[in-house]
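# Summary of the model geometry
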Amino acid sequence: MDTATVARALAGSSPPAYPRPPNCYLCGSEKMALRFAARAGPTPDRMFCCTSFGHRAHGPIWGCGSCGLLFQWPLPETTALLAAYGAVEDPLYLAEKENRYLTFRKALGLLGPAAGRRLLDVGAYCGYFVDVAREAGFDAEGIELSRWAVGQARQLGLSVRNESIEERARTGVRYDVITMWDVIEHLRDPRRELEACSRLLRPGGRLHVSTVDAGSLVARFLGKRWPWLMDMHLVYFDRATLPVLLAQTGFRVLSRRTYTHTVSAEYLTSKLAASFPPLSSLLGALRRVVPARLPVPVNLGDNMVVSAERI
Ligand SMILES: [Zn+2]
């Protein structure tokens, strides 16, 4: 059963009787507590889009009383998840191309000199980061599940394959740098995927992972109103829990920083209206006076990037 079905089936039932996770994905503790009850889901056809507006609609989210990890439970079936991501088509993402490039050019500063280093972008989507890295002098390629997004990347002449990370790891190739921008929170089994990253990196190679930070002040202040609680986000790390998983999978953490996204004023106000419906009329008024394409850097401290070295 997928999490959206669970959310829809259980929304309104009182008291909710959710299936309990047996133990914590990260530390194995049995001290599990329901942190956020399920909320009714978005339109299913856009649920897995990068630009999904299905904020605050999700299955039951549990917290570990020992390590603090938050995760959805029950999880969608692997085959259903792979099929959903494989079928994603997201034209709205193309409209934000210029701002994605601004976001990625800023992120590129974390990677150090290119010097022809071989880079793999995992979950490359339409290939925009691969393009930015290639411009900077990396020998850059990507992998991506969405067949539509791979087609977009190939139209730009980029090397992006329709492959999973485990399929890539089985080829025996080695990279100097792996990037995963806003991908890990979508994974059903992130440990398995980081282990594959470890096999794909040469010793001393670097991994850069960005994700939402469930321990940030904004996340804690907003609680169940935090917009990143979404159906497609299955695991919610923070500055303590992600390094634990990285240590379990053969990495040493080098730095933890906040991550800045640049979006258009139109996109930002639409996202805010979807996340906070009471603000809709105010945001509508704002949209009439602010240029729609105006790039707006957004950093509320609830997105982080963790950089690590393959031991
Ligand atoms: Zn735990």
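Residues numbered from 1 in each chain as written. Predicted model: local features only at pLDDT ≥ 70, side-chain atom pairs only at ≥ 80, totals over all residues.

### Comments concerning the overall build of the chain
Along its length, the chain carries twelve helices and 13 strands. Taking all 311 residues of the chain together, the buried fraction comes to 44%. At a minimum sequence separation of 6, the contacts of the chain that also span at least 24 residues come to 75%. (Helix = DSSP H or I, 4+ residues; strand = E, 2+ residues; numbered from the N terminus. Buried ≥ 20, exposed ≤ 12 C-beta atoms within 10 Å, placed from the backbone. Contact = placed C-beta atoms within 7 Å.)

### Observations concerning the sheet that holds strand E8 (residues 201-212)
A sheet is described by the order of its strands in space; here seven strands give the open sequence E6-E5-E4-E7-E8-E13-E10, paired in mixed fashion. Each edge of the open sheet is held by one strand with a lone partner, namely strand E6 (160-161) and strand E10 (251-258). Of the pairings in the sheet, the one linking strand E7 (residues 175-181) to E8 comprises six bridges and is parallel in character. When the bridges of E8 are listed, Ile-178 appears paired with Leu-207. (Pairing = 2+ DSSP bridges.)

### Quick notes on the sheet that holds strand E3 (residues 70-72)
On the basis of which strands lie adjacent, the open sheet formed by four strands has the order E1-E2-E3-E9 and antiparallel pairing. Each edge of the sheet is formed by a strand with only one pairing partner; in this case those strands are strand E1 (32-36) and strand E9 (235-236). Of the strand pairs in this sheet, E1 and strand E2 (residues 61-64) are connected by four bridges, and their pairing is antiparallel. Its bridge partner being in E2, Phe-36 is matched across the sheet by Ile-61.

### What about the packing of helix H8 (residues 190-200) against helix H10 (residues 241-248)?
Two numbers describe how H8 lies on H10: the axes approach to 9 Å, and their chain directions differ by 55°. In terms of orientation, H8 and H10 fall into the oblique class. Relative to H10, H8 is oriented so that their crossing is right-handed. When H8 is examined against H10, the residues Pro-190, Arg-191 and Leu-194 are found in contact with a partner set consisting of Leu-245, Leu-246 and Gln-248. Residues belonging to the contact of H8 with H10 are distributed by class as follows: four nonpolar, one polar and one charged. (Axes fitted to C-alpha atoms, helices over the stretch in contact; angles between N-to-C directions. Parallel < 35°, antiparallel > 145°, perpendicular 65-115°, else oblique. Left-handed = near helix turned anticlockwise from the far one by under 90°. Nonpolar A, V, L, I, M, F, W, Y, C, P; charged D, E, K, R; others polar.)

### Things to note about the pairing of E2
Both E2 and E3 contribute to a ladder of three bridges, which runs antiparallel. By the bridge assignment for E3, Ile-61 is matched with Gln-72. Between E2 and E3, which pair antiparallel and follow one another directly, the connecting turn spans five residues, one of which, Gly-68, has a positive phi of 90°.

### Some remarks on the packing of helix H4 (residues 97-108) against helix H5 (residues 128-135)
Here H4 crosses H5 at 50°, and the two axes come no closer than 9 Å. If you check the angle between H4 and H5, you find them oblique. As H4 packs across H5, the resulting crossing turns out to be right-handed. Together, Lys-97, Arg-100, Tyr-101, Phe-104, Arg-105 and Leu-108 of H4 and Tyr-128, Phe-129, Val-132 and Ala-133 of H5 make up the contact between the two elements. Of the residues belonging to the contact of H4 with H5, the class tally is seven nonpolar, no polar and three charged.

### So, the nonpolar core
One finds Phe-71, Phe-129, Val-130, Ala-153, Ile-178 and Cys-197 to be the most contacted residues of the largest nonpolar core, which totals 70 residues. Excluding anything up to four places from it in sequence, Val-130 contacts Asp-121, Ala-124, Ala-140, Glu-141, Gly-142, Ala-153, Leu-158, Ser-159 and Val-160. (Core = buried A, V, L, I, M, F, W, Y, C linked by C-beta atoms within 7 Å.)

### Some details on the environment of Ala-169
Mapped onto the elements of the fold, Ala-169 is located in helix H7 (residues 165-170). For the pair formed by Ala-169 and Glu-193, sequence separation is 24 residues and the distance between their alpha carbons is 9.8 Å. Those residues in contact with Ala-169 that lie beyond four places of it in its chain are Ala-196, Arg-199 and Leu-200.

### Observations regarding the environment of Tyr-236
Structurally, Tyr-236 can be placed in strand E9. Taking the C-alpha atoms as reference points, Tyr-236 and Asp-213, 23 residues apart in sequence, are found 7.0 Å from one another. Not counting residues up to four positions away in its chain, the partners in contact with Tyr-236 are Leu-70, Phe-71, Glu-185, Val-212 and Ala-214.

### Considering unusual backbone geometry
Across the junction of Trp-73 and Pro-74, the peptide omega takes the value 5°, indicating a cis bond. Look at Ala-115: it is not a glycine, yet its phi comes out positive at around 45°. Structurally, Ala-115 can be placed in the loop between H4 and strand E4 (118-122). Within the chain, Tyr-125 stands out as a residue other than glycine whose phi angle is a positive 50°. One can find Tyr-125 in the loop between E4 and H5.

### Section: the confidence of the model for the chain
For the chain, per-residue confidence averages 90 on the pLDDT scale, and residues scoring 70 or more make up 90% of the total. For the stretch residues 9-13, pLDDT sits under 50, and the model shows six contacts to residues farther than four places along the chain or on other chains. (pLDDT = per-residue confidence, 0-100.)

### Observations regarding the environment of Asp-176
Tracing the chain through its elements places Asp-176 in strand E7. For the pair Asp-176 and Leu-207, spaced 31 residues apart in the sequence, the C-alpha separation amounts to 8.7 Å. Leave out the neighbours within four places in its chain, and Asp-176 touches Arg-117, Arg-118, Leu-119, Arg-202 and Gly-205.

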